[in-house]
Amino acid sequence: MTRADPAFAGHVAMTDGHEIYAELTGPEDAPRAVFLHGGPGSGCQPAHRALFGPRTRLLMFDQRGAGRSAPRRGRDANTTAHLVADIERLRRHFGIDRWLVVGGSWGATLALAYAQAHPDRVRGLVLRSVFLGTRAELETVFLDTLPRFHPGLWEDFVSLLTPSERADPLGAYWARILDPDPARHRAAAWAWHDTERILSQIRPAATRLDLAVLGDPARGLPATPFMEAHYFRNDCFLDAPLLSRADRLRGIPGVIVQARYDLLCPPATAHALARRWDAARIVDVPDAGHSMGDGGTAQALRAAIADMG
C-alpha cells in the first residue's frame, strides 16, 4: 500500500441524517493523525495529505455540509458542537486511541474546540493561522484591515450594499448570502468569496472585484460563503471563548505555524493563544500571507508535523 492508497474511502453515518465522507490512509502500525480542513465549508484536498509523511495513519474527512459529505451544503444540525462530536465519533469508528490533530484557519478553530473537549485523546496539535471564531476577529479583517490595505477592494465590497446596510456590513452580507433568493445571494456570495481570496494571498492576481460578473446566473456558486455566513452570524456556535478555556490544553504539545503577513488570521491571535498554552511554540513564516501555498508555509507545516512524529 502506498501513502495515497486508502484503507477506507467512503461515507460514515453521523447523527441527524448527515453522512461524512472520510479517507483513511497509511500503515496500520503508524502514528495516528487527523486533518481538519478550513472554511468552514471547504473540504479536504490532496495537498493536505501531502503535508504528512508516509509513516502516518491519516484520517481526512469533509465536515458536515462540505465537500463530498451529505447532504451537500446541509446547514441543519450543523454547529461546532456537532462537528466536535463527529470527530470523536470518527475516532471511535476507526478504532483510534489518541492522535495528532492538525488544522489551519477554521480548521485550527475546530482543532482547539476538539482538544478542549477531549484533551485525553490528543497527543499533539499542529495549527496554522489561528482563528478563535470571534466576531471581533472578523470585524478586524473586514472593517479595518480590508479598507486599510485594499481601499479599492473595500469600495467594491461595500458597493453591493444599500446605505442602511453599510451600518453593519458583515451582518448585511451574511443576511444576503443566506437569503434563499438567488437574486439576493448570488452576487454577495461571490463578492465575499473573492474578497477573502484576495486577502488570503500575499500576491493576489487581482486586487479588485469584477462587479460585472458577480451576479451572472451562468456561473456556479462557491460553497464556502454559505457555510461561513451560517457559522459567522452565530459566533461560530462557541458556547465560551476558546481563549478562556486554554487551560484545558495544558500539557498538550503544540506548534503554531504563523505567516507574518496573514491578513485574515494575523500573528497577534497566535501569540495571544500561545501566552495561555504552556506547551505551544510558534514557528514564524516570514514570506507568506494566509494561503497555505504562500512562501514557506507548507514546508513549515510538514516540518512541524514530522517533529510531532
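Above this note sits the structure.
Since the structure is predicted, the reported quantities are computational estimates derived from the model, not experimental observations. (Residues numbered from 1 in each chain as written. Predicted model: local features only at pLDDT ≥ 70, side-chain atom pairs only at ≥ 80, totals over all residues. Heavy atoms only, no water.)

## Considering the sheet that holds strand E5 (residues 99-105)
We count it as follows: Strands qualify as paired when DSSP identifies two bridges or more between them. The helix count covers DSSP runs of H or I at least four residues long, the strand count covers runs of E at least two residues long, and both are numbered beginning at the N terminus. Axis lines are fitted to C-alpha atoms, over the contacting stretch for helices. Their N-to-C directions set the angle, which ranges from 0 to 180 degrees. Contacts are assigned to residue pairs that have any heavy atoms within 4.5 Å of one another.
With mixed pairing, the eight strands of this open sheet are ordered in space as E1-E2-E4-E3-E5-E6-E7-E8. Each edge of the open sheet is held by one strand with a lone partner, namely strand E1 (6-13) and strand E8 (280-285). For this sheet the average axis-to-axis angle between neighbouring strands, irrespective of direction, equals 15°. In this structure, E1 lies alongside strand E2 (residues 19-25), joined through seven bridges in antiparallel fashion. What sits directly across from Ala9, in E2, is Glu23. Those strands touched by helix H9 (residues 267-276) are strand E6 (122-130), strand E7 (254-259) and E8, and its axis lies near 160° from that of E7.

## Some points on the packing of helix H6 (residues 169-178) against helix H8 (residues 224-232)
Inclusion rule: Note that the term roughly parallel is reserved for angles under 35 degrees, roughly antiparallel for angles over 145, roughly perpendicular for angles of 65 to 115, and oblique for everything else. Take the far helix as your reference; a near helix turned counterclockwise from it by less than a right angle gives a left-handed crossing, and one turned clockwise gives a right-handed crossing. For this classification, the nonpolar set comprises Ala, Val, Leu, Ile, Met, Phe, Trp, Tyr, Cys and Pro, the charged set comprises Asp, Glu, Lys and Arg, and every other residue, Gly included, is treated as polar.
At a minimum axis separation of 9 Å, H6 and H8 run at an interaxial angle of 125°. With respect to H8, the axis of H6 lies oblique. Crossing of H6 over H8 shows left-handed handedness. Seen from H6, the contacting residues are Trp174, Ile177 and Leu178; seen from H8, they are Pro225, Phe226, Ala229, His230 and Phe232. Looking at the contact of H6 with H8, its residues break down into seven nonpolar, one polar and no charged.

## So, the nonpolar core
Most often, soluble globular proteins have nonpolar side chains that are buried together. Convention followed: Working definition of a nonpolar core: buried Ala, Val, Leu, Ile, Met, Phe, Trp, Tyr and Cys residues. They are joined through side-chain atoms within 4.5 Å. A 1.4 Å probe rolled over the protein chains alone gives each residue an accessible area, and that area as a share of the maximum for its type sets the label: buried under 20%, exposed over 50%, partly exposed in between.
Leu59, Phe61, Val101, Leu125, Leu127, Trp192 and Trp277 are the most contacted members of the largest nonpolar core, which totals 72 residues. Among the elements that line this core, the one with the most residues is helix H3 (residues 106-117), at eight residues. Once you skip the residues sitting within four places of it in the chain, Phe61 turns out to touch Ile20, Tyr21, Ala22, Val34, Phe35, Leu36, His37, Cys44, Ile87 and Leu90.

## Focus on the packing of helix H4 (residues 135-149) against H6
Where H4 contacts H6, the two axes come as close as 10 Å, and the packing angle between them is 95°. Classified by the angle between their axes, H4 and H6 sit roughly perpendicular to one another. Of H6, the residues touching H4 (which contributes Arg135, Leu138, Glu139, Phe142 and Leu143) are Pro169, Leu170, Gly171 and Trp174.

## A few points about the pattern of salt bridges
Any two side chains of opposite charge can pair if their charged atoms end up close together. For clarity, the threshold we go by: A pair is scored as a salt bridge if a Lys or Arg side-chain nitrogen falls within 4 Å of a carboxyl oxygen belonging to Asp or Glu.
Tallying each qualifying case throughout the model produces 20 salt bridges. The partner of Asp16 in a salt bridge is Arg64, with the nearest N and O atoms 3.5 Å apart. With Asp16 in the loop between E1 and E2 and Arg64 in the loop between strand E4 (57-61) and helix H2 (80-93), the pair connects residues that are 48 residues apart, well separated along the chain. Here Arg64 falls in the buried class, since its relative accessible area comes to 3%. For the salt bridge of Asp29 with Arg55, the shortest nitrogen-to-oxygen distance reads 3.2 Å. Here the residue Asp29 occupies a position in the loop between E2 and strand E3 (32-36), and Arg55 occupies one in the loop between helix H1 (46-49) and E4, the gap between them amounting to 26 residues. Salt bridges linked by common partners bring Asp16, Arg64, Asp86 and Arg89 together as one network.

## Some points on H2
The criterion, for reference: A helix is expected to span 1.5 Å multiplied by its residue count minus one.
Over its 14 residues, H2 extends 20 Å from the first C-alpha to the last, a length consistent with the 20 Å expected when each residue adds 1.5 Å. Three or more residues of H2 are buried, namely Thr80, Leu83, Val84, Asp86, Ile87, Glu88, Leu90 and Arg91. Within two residues after H2, Gly95 carries a phi angle of roughly 65°, on the positive side.

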